[in-house]
Each structure stands twice: as C-alpha cells, then as structure tokens.
Amino acid sequence: MTALSVRFTDERLANGLRLIVSEDHLAPVVAVCIWYNVGSKHEVEGKTGFAHLFEHVMFQGSGHVAKAEHMALVQAAGGTMNGTTWLDRTNYFETVPSHQLELALWLEADRMATLLDALNQENLDNQRAVVKNEKRSSYDNRPYGDWFHKLQEHVFPPDHPYHHPTIGSMEDLDAASLEDVAEFFRTYYAPNNAVLAIVGDVDPAQARAWVERYFGEIPANRTIPALGDMTLPPLIGTEAREIVEDRVPLPRHFFGFRAPMMGDPRLDALDVAAQILAGGKGSRLYRRLVRDEKIAQDVSFFVLGLIGGASIAAGQATVRPGVDPAVVERAFEEELELICREPVTADELARARALIETFELEALQRVDERADRLAMYATLLDDPDMINRQMGRYLGVTAADIQAAAAEVLRPENRVVLTYMPAGEAATGTTDEETAA
Amino acid sequence: MTLDQILSARPSPGQPRTYAFPNFERTVLTSGLQVITVDLPNRPLVSANLLIRRGVSDEPADLAGATILTARAMTEGTRRYPGVELLEAGERLGATLHVDASWDAFTASVEVAATRLGAALELLAELVEQPTFPESDVARLRDERLNDLLQVKADPRRRVDQAFNATIYTTDSPYGRSAGGDEDSVPRLTTDVLRGIHRSVLDPRHAAIVIGGDLTGLNVPRLVEAALGSFGGENPKHEPATVAPRAESAVDHPIVRFYHRPGSVQTELRIGHVGLSRLTPDFHPVQVMAAILGGLFNSRLQMNLREEKGYTYGIGAGFDMRRGAGPFSVRTAVQTAATVPSISESLLELRRIRETPVTAVELAAARDYLVGVFPLRFETPGAVVGALGGIFVLDLPDDELARYRDEVEAVTVEAIQKAAQDHIHLDRLAIVAVGDADAVGAELAAAGFGDLEIIADEVLAGGGAAEVAEAADEVTE
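Residues numbered from 1 in each chain as written. Chains lettered and ligands numbered in written order. Predicted model: local features only at pLDDT ≥ 70, side-chain atom pairs only at ≥ 80, totals over all residues.

J.: Describe the overall build of chain A, with residues and values.
T.: Assigned secondary structure in chain A consists of 15 helices and eleven strands. Radius of gyration (C-alpha) of chain A: 23 Å, near the 22 Å computed for a compact globule of 437 residues. Expressed along its principal axes, the backbone C-alpha trace of chain A runs to roughly 60 × 50 × 40 Å. Expressed as a percentage of contacts within chain A between residues at least 6 apart in sequence, the contacts between residues at least 24 apart total 80%. (Helix = DSSP H or I, 4+ residues; strand = E, 2+ residues; numbered from the N terminus. Rg over C-alpha atoms; globule rule 2.2 N^0.38 Å. Contact = placed C-beta atoms within 7 Å.)

J.: Report on the overall build of chain B, specifying residues and quantitative values.
T.: Helices and strands together make up the secondary structure of chain B, namely 18 helices and 13 strands. Principal-axis analysis of the C-alpha atoms places the extent of chain B at approximately 65 × 65 × 45 Å. Of all 477 residues assigned to chain B, the portion counted as buried reaches 54%. Taking the intrachain contacts of chain B between residues at least 6 apart in sequence as the baseline, contacts between residues at least 24 apart amount to 84%. (Buried ≥ 20, exposed ≤ 12 C-beta atoms within 10 Å, placed from the backbone.)

J.: How would you summarise the interface of chain B and chain A if you had to cite specific residues and measurements?
T.: Contact residues are listed per partner, giving 76 residues for chain B and 89 residues for chain A. Residue contributions to the side of chain B that touches chain A peak at seven residues, all from helix H5 (residues 135-154) of chain B. Class assignment of the residues belonging to the side of chain B that touches chain A gives a composition of 39 nonpolar, 20 polar and 17 charged. (Nonpolar A, V, L, I, M, F, W, Y, C, P; charged D, E, K, R; others polar.)

J.: Describe the domain arrangement of chain A, listing the residues and the values that go with them.
T.: As far as domains go, chain A holds domain 1 (9-215) and domain 2 (240-428). Here the C-alpha centre of domain 2 of chain A lies 28 Å away from the C-alpha centre of domain 1 of chain A. (Domains from an automatic or database assignment.)

J.: Before we move on, could you go through the packing of helix H2 (residues 66-73) of chain B against helix H7 (residues 191-201) of chain B and cite the residues and values that matter?
T.: Residues and elements named next belong to chain B. Between H2 and H7, the shortest axis-to-axis distance is 9 Å and the interhelical angle comes to 90°. In this view, H2 runs roughly perpendicular relative to H7, as classed from their interaxial angle. Residues Ala66, Thr67, Leu69, Thr70 and Ala73 of H2 form the contact with H7, whose own contacting residues are Val193, Leu194, Ile197 and His198. Tallied by class, residues from the contact of H2 with H7 come to six nonpolar, three polar and no charged. (Axes fitted to C-alpha atoms, helices over the stretch in contact; angles between N-to-C directions. Parallel < 35°, antiparallel > 145°, perpendicular 65-115°, else oblique.)

J.: Tell me about the sheet that holds strand S11 (residues 430-435) of chain B, residues and numbers included.
T.: Residues and elements named next belong to chain B. Sheet architecture is open: six strands sit in the order S9-S10-S8-S11-S7-S12, paired in mixed fashion. Two strands close off the open sheet at either side, each with one partner strand: strand S9 (312-319) and strand S12 (451-455). Each neighbouring strand pair of the sheet contributes to a mean axis angle of 15°, computed without reference to strand direction. With six bridges connecting them, S9 and strand S10 (residues 327-335) associate as antiparallel partners. Counterpart to Thr312 in the pairing with S10 is Val334. In the packing of helix H6 (residues 156-168) onto the sheet, contacts are made with strand S7 (255-260), strand S8 (266-274), S10 and S11, and the angle to S11 comes to roughly 155°. (Pairing = 2+ DSSP bridges.)

J.: Before we move on, can you summarise the sheet that holds strand S8 (residues 252-259) of chain A with the specific residues and values?
T.: Strands pair in a sheet through their backbones, by hydrogen bonds, and they do so in one of two ways: parallel or antiparallel. All names here are of chain A. Strand order in this open sheet of five strands is S7-S11-S8-S10-S9, and the pairing throughout is mixed. Looking at the sheet topology across the chains shown, the edges are occupied by strand S7 (240-246) and strand S9 (296-304). Going across the sheet, the axis of each strand differs from the next one's by a mean of 15°, ignoring polarity. Pairing analysis gives eight bridges linking S9 to strand S10 (residues 311-319), with the strands arranged antiparallel. Bridged to Leu304 within S10 is Ile312.

J.: Tell me about the nonpolar core, residues and numbers included.
T.: In this structure, A:Ala273, A:Ala371 and B:Leu124 are the most contacted members of the largest nonpolar core, which totals 273 residues. Counting residues per element, this core draws most heavily on helix H3 (residues 101-118) of chain A, at ten residues. In this view, A:Ala273 contacts A:Ile339, A:Ile402, A:Ala405 and A:Ala406; residues no more than four positions away in its chain are not counted. (Core = buried A, V, L, I, M, F, W, Y, C linked by C-beta atoms within 7 Å.)

J.: Can you break down the confidence of the model for chain B residue by residue, with the values?
T.: Do not read the fine detail of predicted coordinates wherever pLDDT is low. Residues and elements named next belong to chain B. When pLDDT is averaged across chain B, the result is 93; 94% of the residues are at 70 or more. Under a pLDDT of 50 for its full length, residues 460-473 has, in the predicted model, 39 contacts with residues more than four places off or in other chains. For this predicted complex, the interface score ipTM comes out at 0.93, alongside a pTM of 0.95. (pLDDT = per-residue confidence, 0-100.)

J.: Could you give an account of the domain arrangement of chain B, with specific residues and numbers?
T.: Often, the extent of an interface is quoted as the loss of accessible area on bringing the components together. Residues and elements named next belong to chain B. Looking at chain B, the domain boundaries give domain 1 (25-228) and domain 2 (255-458). Its C-alpha centre places domain 1 at a distance of 29 Å from the equivalent point of domain 2. Opposite the 33 residues of domain 1 that make contact, domain 2 presents 29 residues. Where the side of domain 1 that touches domain 2 is concerned, the elements lending two or more residues are strand S2 (34-39), strand S3 (45-52), H6 and strand S6 (207-213). Looking at which element gives the most residues to the side of domain 1 that touches domain 2, the answer is H6, with ten residues. Partitioning the side of domain 1 that touches domain 2 into residue classes produces 17 nonpolar, eight polar and eight charged.

J.: Give a detailed account of helix H9 (residues 265-278) of chain A, specifying residues and quantitative values.
T.: All names here are of chain A. Helix length check: H9 (14 residues) gives 20 Å between terminal C-alpha atoms against 20 Å at 1.5 Å per residue, within 8%. Within H9, 13 of the 14 residues are buried, leaving the element largely enclosed by the surrounding structure. Positioned one or two residues after H9, Gly280 has a phi angle of 95°, which is positive. (Expected span 1.5 Å × (residues − 1).)

J.: Help me get a handle on the confidence of the model for chain A, residues and values and all.
T.: Here chain A averages 95 in pLDDT, and 97% of its residues register 70 or above. For residues 428-437 of chain A, every residue scores under 50 in pLDDT, and the model assigns this stretch 17 contacts once sequence neighbours within four places are set aside.

J.: Break down the pairing of S8(B) for me, citing the residues and quoting the values.
T.: Residues and elements named next belong to chain B. When you tally the buried positions in S8, you get nine out of nine residues, the bulk of the element. Sheet topology places S8 next to S11; five bridges connect them, and they run antiparallel. Among the inter-strand pairings, Ile271 is bridged to a residue of S11, identified as Ile431.

J.: Go over the environment of A:Tyr162, please, and point to the residues and values.
T.: Residues and elements named next belong to chain A. Assignment of secondary structure puts Tyr162 in the loop between helix H5 (147-155) and helix H6 (170-175). Since 24 C-beta atoms lie within 10 Å of it, Tyr162 is described here as buried. Spatially, the C-alpha atoms of Tyr162 and Leu87 are 6.6 Å apart, while their sequence positions differ by 75 residues. Once residues within four sequence positions are removed from consideration, Tyr162 is found in contact with Lys41, Leu87, Gln152, Phe156, Leu306 and Gly308.

J.: Could you give an account of helix H10 (residues 284-292) of chain A, naming the residues involved and the relevant values?
T.: Three- or four-residue spacings in an α-helix give side chains the same orientation, since the helix completes a turn every 3.6 residues. Residue and element names in this part refer to chain A. For H10, the complete set of buried residues consists of Arg284, Leu285, Tyr286, Leu289 and Val290. Buried residues along H10 sit against H9, S9, S10 and helix H11 (325-341). Lys294 sits one or two residues past H10 and shows a positive phi near 55°.

J.: Let's hear about the environment of A:Pro97: which residues, and what values?
T.: Summarising the element assignment, A:Pro97 is placed in strand S5 (residues 90-97). Note on A:Pro97: 27 C-beta atoms within 10 Å, which makes it buried. Along the backbone, A:Pro97 and A:Pro28 are 69 residues apart, and their C-alpha atoms lie at a distance of 5.9 Å. Contacts of A:Pro97, omitting those with residues within four sequence positions, involve A:Pro28, A:Val29, A:Ala77, A:Gly78, B:Pro16, B:Gly372 and B:Pro375.

Here's what the structure looks like:
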C-alpha cells in the first residue's frame, strides 16, 4: 500500500507559539487545531475538573466575540468546531471551507489574547451548570459509568496527577471562582504553551502572515510553573480488586494495567497486541469468550497513551446471564497469560498489521485528523514527524516484541480488576479472589 | 498597530473555491445489478457498499429482528470459509467486511486499498451469496440480542428511545418496534427464518454496489461482474418492494409517559410525534427549520435550555427520515430538578417556531451552515459512497446532491414557517421520559402537559458495550 507522507513546516513565533503548517489541496477545506499544554494533570487538590470547566468558558466569548458567537461564526462559515480536555492537554479545533481560514485563526487568537475581557460570573455559573449536567449524563446516570475513574484511582497512586478524573467532582466544580478562571488563563493560555496546526487547502505564506498578525503580539508567559515529577514505578506492585454494585443487569469485569508511556516502542507492541486480543471476531478473546465458550456478551482490549509516568492498558468483558463471573475473569486472564508466554502466530501478526495499516490510512485521509495528530505529537512528544513514523513503528512490531511487552505489563501484580455486579447480587457474587499465576 | 486594534477588525472571507459533488457513473449488469462508481483521485482507500432495497421495515411483525439477525449471522461462516475464516481472509487484505441492515436497506460493505479491490469484492460476494447460518452460532446471536435487551432496559438513553418509538406509532408500524427484535420475536428467529430473509435479499433488480476512491486503472464494472455476476441468479424474483411501511400515529392528544427509574440524577426526555418521510417534497425547508429549532449548536433549544438555563449538557431536535414517516423528536437529558421546566421550555420553543417567523439572521445562520458545510461532509470516499447509497435506496433523483445547496439557498422565512406549521403538531405530542418519578411526579402531574402515565420500574440496571470505549475518551465541549 502507498506509504503515507505528511509534509509540513514547523517553526516558532518570537513569542513561542509553535506553528505547524501542512498543505493539501485535495478538498477545499482546512483544519485549524490548537493544543494547549495543560490538562487535568495540572489540577491540584480541591480544584479537580477545572481544566475542563475552563475549556467551556473558552466558548463564552472574548474581547471581540460575544457569548456563543464563536459557534455561530464558525457554523455560519460552513465549519465545524469543538474543544476537548484530557489528562495531558486541552485542544480546540475548527474545520472550515478554505476561504474561511482567517476567521478561524482570528477567533482562536482573540480568545488566547482577550478571554478575560468577556469573563463574568453569569457565564461561569451557566457553564458550571452545563458541565455538571455533562458529568451526570456521561458518567453518573450511565450504567457502568464510572469505570474509568475507578481504574485511574487504582492504576495511579493518590498523590499522582492522573489519580483523579478529568470531569472532576461536583464539590470542586461548585467551588470554582472567577479568580480561579482568571489565574488559570494567565498561567497556561499563553502562546509559548501552545501548538497551532493548520492542515489542508492553504497557502502557507498567507497562513503564516495571518498567524503572525493575529497571534504575534500576544505576550508569552515566561513563568509557567513546571509540573512536579510524575515518574512512577513500572508496575503497580500488587493486584487491586474492587467489586462495584451498580444498576446493571449483567456483571462486567474491567481490567487495567500500568503501561509504558506514549512514544515507548513497548506501547506500540501493546497496541498491536490489543488488535490480536480483541480486534474483531477473529481475535483471541472474542473467539474464546464470546464465540466458543459463550460465556461473555462482549470483550474489548485497548491502550490509552499518556506521557506522565505511565499509560493505561485496559480491557473489559460482560458476563452472560447465568455464568459465574469468576469463570469469565479466569478465561480473560488466561488469554493474557498466553500472549505473555508464547509468541503470536505469523498469521495473527500479518492480519493485525494489515488492519492497522488500513485504520491509519483511513484516519489520515481527513485534514482534521492530520492537524490533531501533528499538534498532539508536537505537544506531547516534541516530535510532530511522528505522524510519518508511527505507521512504520506499528508495522515493525515483531512477535517477540509483543511477547516481551506483554510479559512486562500484563502481570497479576500490575493488574486492577473491577467487577460491576447487579445491585443486590454483589454480596452473593461468586467472584473469587484467586489471582493468576 | 496594537493587538487590540488588530483583533478589533474582523476578517472577511476570501474567494470560495468552487466545489461540486463528485460525478458518478452508473452501469447496469445483465442481472440488473447496478454498479455506481465515483472516481476520487488520490484517495487510495476505496469504499465499496452493496445495497439491497430490503430492510427492517419489510419484515413481518412476528419476526421483528429477523433482518438484522440475518445480517449478523452472515459473518458466521460461508460455504468456502467456515466460521470466521472469511473475516480473517479479509483482514489479510487489510479489510474489514461489514454486513448490516437499516430500516430501508440491507448492506454489505468493505473499505480496502484500491490495489486489492478485486480480491475484497470476491470475499464480499462469498459473504453475501453463500452464508451457511450454522445452528449453534445463530442460537448464540439470538442469546446475545436477548442479553442486549436486558442492557437496553437498564440504560436510560436506550430505554427512552425504545419507549418513545413504541408510544408514538400504532402497533402495525414497524417503526414502533425495536429494529433488532424483542423478547417475543427473537426466540422465533430460526435458521429457516434467516434463510428466508436471505433469499429475499438476493435480488439484483433491487441492488446496487457503490464504489468510490481512486479508481485509476481499474475496470470496476468488470471486477464487479467477475465477483457478483451471478448474484441472485438462482433465486425467484419478487416485485419491487419499495412501498413505504405503515407509519400511523397512535397518539391523538398530548400524553406523558414517565418510566420510573429510582435515584436517577437526570431525566432522559423525548418529545415528539410521527414525523416525515425522506421523500417529503419540502425536504429542504424542513431541514433549515429543524436546524434553527434544534440542529445548530446555537439552535433555539440549545440557546434556551443550555446556554441560558444550564438545564442540560445538550439538546437537539429533528426529523429522522426514512422511506416512511420516521419520528420527529426533541431529545435531551436534564438534571432531575429541571424536568418540568425543561418540558415547558421545549414546548414553548415548539410553539414559537410555528407561530413566529424566524428572523433573517436565524435563516442566514442555518442556510449558510448547511450550504457551507456541504464540502466538508464529503471529504472521504466513505462519505461520498454513503450519500450515493442513500440516493439509490430511496430512489431519489440523480441530481439530488448536486442540487442540494441551491435548494437550501432558496428557502425563505415563509417556507420555514409553513414547514413548522405543517409538520410540528402540539396537539398530539408524546412526552416520554425515564427518570425518578418520586422526585418529579407531583410537579409533573400539576403541570398538565397531557394525560400522565407513570410506569413503575421494571428492572434495575445496565448499558451497551459500544459505549465503553467511548466513555474512556476525553471530555468534550
């Protein structure tokens, strides 16, 4: 298949803003994506959920843009937009018809430069209410809804910045003040803490001139506080188990492991392992637990790459009615043991590589995905060219690499097992305490 | 110039690059199978989608779920490839083969590198023509559906959708049923039933394959002829089944159905009625009207209930259009204490869009969005192929997509108001909710929105597996 090559330029404005531009005239569209190097890991005790609440405030207007006008202007231009917050970062993005690029750049510059001019208590209170409803609808009112938050609690120690959920707690959201918002903005929303990627139907010289015009005068913050040391031991140390009663009809196990950081080749090997374990109906876990033994309703296994000390590898299996949850756990763990013990077959590896190649090409067809990845690799790994090397890294993973990475990570003493049980059944639940050898 | 002076001047748009929906070509094979190709240079991944105009709405009521179960069971083994061997053969090509069914169509699709298109089409043909429907695998799939129905009951969002559809349609409409079947119908779905559905699907006169991507150097009709030339050849032909299914309203006055789920911190709400067919002649005014009401990020509902009141993380409204009249609904989840005010404000917005003309600014916002976003929607072959498939399935004119932006440009304030008055009916609204009736029942009864029925909690519990990976993802705006 055609090797993918994304050509781009990578430079810094005098104020430290990192600008990445990649030209592609196939479709008359352009993606603008800005990553700020601030996420929920920057939050301190008593202020959880703040990075994300702040992200909402970024849509409430700035010096020259009224409340909700950001959305209105982008949509009237025929564009789409959003923002997201995660443990390591916060990003904002617009995809617009190419003749509307200047609008998108101006909008991003205006809020980077003048957000506080529009900040008021009414807007903060409104978005606090919206975010609390987001928490209710995405987690609190959803069956099995808090599983990832519970994994975070077990995979990362209490004093580690990944220990608490990005959405935060209701108490901390209630406590967030205008002064907190202003302080957060002044600290982290500076050009030297951001990467701006522009990808698509763009004249690079023109784009550069616009970026210089709108962002060039925004002052840097030369005193952004450094994060504390996030280093972690490679293994959790002891198996953590928790039984969670929830309003669910079927028990479900969630498995979590502390894994190497993003950019570590072992994480690539685990990504390929995840495909072999649970990617599609021919995968090991699906074949055994769902098809052959018919003990699980569904299975999954995946990796979430992070840069602060460790990543998470996670999996889940929903227990079929009438099946002992312990049997499902045992079967799941046996498949993990097997991939640690024996190399995957040449055919399994070939299928996984071919599929990953297609998935990558499929994702990179879109300008918004390319902009997102360029900004991501620049922000998290200081290496935007990883966009061109990631596929080769996946395709270079060998059976021995998979076995070695799995054997290091998928160990009982590095494992979290959460078992969701239908309310009222947990006391009589038969999940046994036996751990894998 | 100071920074403030620079930012004070709003930029104006440049010269738009011309855009036209890609041209496509149609070839009809001797069997009657249509081959629709769209060449998209420099798009090395090719999307191929075989569509047959035979969908969930064509199945009999007592066999609800048969079409989707047939689709699922087709990847459980074929004559040449038992078990999952066919899927594995696809994986060796880097291709994932999908079979699925919607209300209107049966589909089999694959995305693959252009160089491997021929091989992928051979597998697609085998999958569609030669499934063996192994007894034990079909039994397992039935069980999986029944287990999934348990999860539906426990997940407020899935539960409210199921209850809303069952409420607004008469029992003789397929649209009131769950597309995947229910506790009564699923046990009846034997391998014989699935074989019967499969035979009816193998009809080349109702089938097209849409293929898009960089097709340089490929003779696509010949590749299709080689793979699918005998598609449906041995099967009896039936008459075109393109009659819209029954879609009558079971509701003739405002009603409230509240499903009690104790301790819910939010109420899942659906407010609406039987809506419109995709073939409605005023499709474009309806689209613009729905965007203003509940489609745009700054829609009236969203500005009111989210950006002013903070009752919800998000609210939308729109028409789910199919060959027959799909539902119109307002959809949201609101914090429990805001349940009654959220219904009041939603009703107010439904009344307002009927009674008060939209402003020129609102019209421009919706029109410019729908027109402007059109090229963004069709950036990839998958999206272009999907849109052309929709044209085929619903027998829409070939220039439907080419005309789209002009049609939207021509929509007037008057046309929007007429669309709202013709198609939004406050006198037969169903308000269906899943939430904590202990917390809001009295207030709801006092509000007098319509005949109130509170349905006791049937089960405590659960969510779909598909949501799991998604929930792990970042928190979005």
